[in-house]
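Chain by chain, the residues:
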Amino acid sequence: MIQFFKRRLHLAHRRTHRAAGKLPVALQGMLWMVLGGMMFSMLNVVSRKMTLELDAFETQFLRYLCGLFVLLPVVLRAGAATFWPRDIKGQFWRGAVHTAGLMLWFIALPHIPMADMTAISFTGPIFIMIGAAWFLGERMHRDRWLAALFGFAGVVVVLLPHLSSDGGVYHLIMLSSAPVFAASFLITKALTRYESPGVIVLWQAITVAIFSLPMAVLHWQNPSAWQWANFLAAGVLGTVAHYCMTRALHVADISATQSMRFLDLLWSSLMGWWVFTEVPSETTWIGASVILLSTVWIARREGQRKAVAVPEP
């Protein structure tokens, strides 16, 4: 019976992979980014719960340490040589930049509602698209700029009422993490040219855990068994989310995939309401509607562009 289910699962995987391979490259990247966004939203819920119970820097370290534990069986099965990077210096640079963004993000995390946190992170695609054009030489189509700016307008609608409140300083700290994460994602895009997604995800876990350890030790509290279980869940979610994001960057232009991140506001609003009983404001839903329209529009444009570029025989 077990063998039967394993065969059926393997067959379903092959059929799904074959069907996905027929989609335009840009749409493949967008689907990977949407799946990664859903995983990141669930990860953010777990991370926020842990920062309300433990120190933010300890939470950051344990989240990546557990992510490394999750990857160890895969590494041992395939062999360590398979995951040795071609550019170890680039992996450590990426890890250092990503750690800096995480420090800002985790400081603000327990003080900001889920929907606001996600909306602020949407400024990242603006920095990423500009950086991709300047440093990676990607062509910036006009409709990508329009989608990004239209989506950012929706983010402004969400954020503006909160910037004058008492928690405004934490909103600004969270906002300052966006260009740092953008730099990390640009390094990731550059690494995907000669590194596999698995190598990038593994070395992110290694480098971020190393760079986060000193601050975690200074504020250490012994986690309970339930908290350890949450960190292991965060390790699984984070590993899958980063793998999906890396796959998205591997198969498509970074500027084509970033508009899909605007859908994260919908996932985070639902999870914030479900877990933390946070009811998104009217401006949040208005902004989310604007963001959703921009996302659907650019998805259709990218699909049409690839369909024209690679016509059917």
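Rules behind the numbers
Residues numbered from 1 in each chain as written. Predicted model: local features only at pLDDT ≥ 70, side-chain atom pairs only at ≥ 80, totals over all residues. Heavy atoms only, no water. Helix = DSSP H or I, 4+ residues; strand = E, 2+ residues; numbered from the N terminus. Buried < 20%, exposed > 50% of the residue type's maximum accessible area, 1.4 Å probe, protein only. Contact = heavy atoms within 4.5 Å. Areas by Shrake-Rupley, 256 points an atom, 1.4 Å probe, with all protein chains shown as cover. Lys, Arg positive; Asp, Glu negative; His and termini not counted. Salt bridge = Lys/Arg side-chain N within 4 Å of Asp/Glu carboxyl O. Polar contact = N/O pair within 3.5 Å; in protein donor to acceptor, adjacent residues only side chain to side chain. Phe/Tyr/Trp six-rings, centres within 6.5 Å; stacked < 30°, edge-to-face > 60°. Axes fitted to C-alpha atoms, helices over the stretch in contact; angles between N-to-C directions. Parallel < 35°, antiparallel > 145°, perpendicular 65-115°, else oblique. Left-handed = near helix turned anticlockwise from the far one by under 90°. Nonpolar A, V, L, I, M, F, W, Y, C, P; charged D, E, K, R; others polar.

### Quick word on the overall build of the chain
A count of helical and extended segments in the chain gives 13 helices and zero strands. Secondary structure elements of the chain, listed N to C terminal, follow the sequence α-α-α-α-α-α-α-α-α-α-α-α-α. Buried residues in the chain amount to 50% of all 313 residues. Contacts in the chain between residues at least 24 apart in sequence constitute 90% of all its contacts with a sequence separation of at least 6. Summed over its atoms, the accessible surface of the chain is roughly 15,500 Å², and 70% of this surface lies on carbon and sulfur atoms.

### Some points on the side chain of Glu58
On the secondary structure map, Glu58 appears in helix α3 (residues 56-78). The buried charged residue Glu58 lacks any salt bridge partner; its closest oppositely charged side chain belongs to Arg63, at an N-O distance of 15 Å. A distance of 2.9 Å separates a polar atom in the side chain of Glu58 from the backbone nitrogen of Gln221.

### Thoughts on the packing of aromatic side chains
This structure, assessed with the given rule, holds seven aromatic pairs. Taking 6.2 Å as the distance between ring centres and 90° as the angle between the ring planes, the aromatic pair formed by Phe92 and Phe211 counts as edge-to-face. On the criterion of sequence distance, the pair formed by Phe92 in helix α4 (residues 88-108) and Phe211 in helix α9 (residues 197-218) is long-range, its members being 119 residues apart. With relative accessibility at 29%, the residue Phe92 sits in the partly exposed group. Taking relative accessible area as the criterion, Phe211 reaches 34% and is therefore assigned partly exposed.

### So, the pattern of salt bridges
For the coordinates displayed, the defined rule picks out one salt bridge. Where Arg48 meets Glu278, a salt bridge forms, and the shortest distance between an N and an O atom there is 2.5 Å. A residue pair is termed long-range when its members are at least 10 positions apart, and Arg48 in helix α2 (residues 25-51) and Glu278 in the loop between α12 (264-276) and α13 (282-309) qualify at 230 residues. As far as burial versus exposure is concerned, Arg48 and Glu278 are alike and both buried.

### Some thoughts on the packing of helix α6 (residues 124-135) against helix α7 (residues 142-159)
Packing of α6 against α7 brings their axes to within 9 Å, and their N-to-C directions diverge by 155°. Accordingly, the angle class assigned to the pair α6 and α7 is roughly antiparallel. The way α6 lies across α7 gives a crossing that is left-handed. When α6 is examined against α7, the residues Ile126, Met129 and Ile130 are found in contact with a partner set consisting of Arg144, Trp145, Ala148, Leu149 and Phe152. For the contact of α6 with α7, the class distribution of residues is seven nonpolar, no polar and one charged.

### Points about the environment of Phe181
For Phe181, the location among the structural elements is in helix α8 (residues 168-191). A relative accessible area of 13% means that Phe181 is categorised as buried. C-alpha separation for the pair Phe181 and Gly124, spaced 57 residues apart in sequence, amounts to 7.0 Å. Not counting residues within four places of it along the chain, the set of residues in contact with Phe181 comprises His98, Gly101, Leu102 and Trp105.

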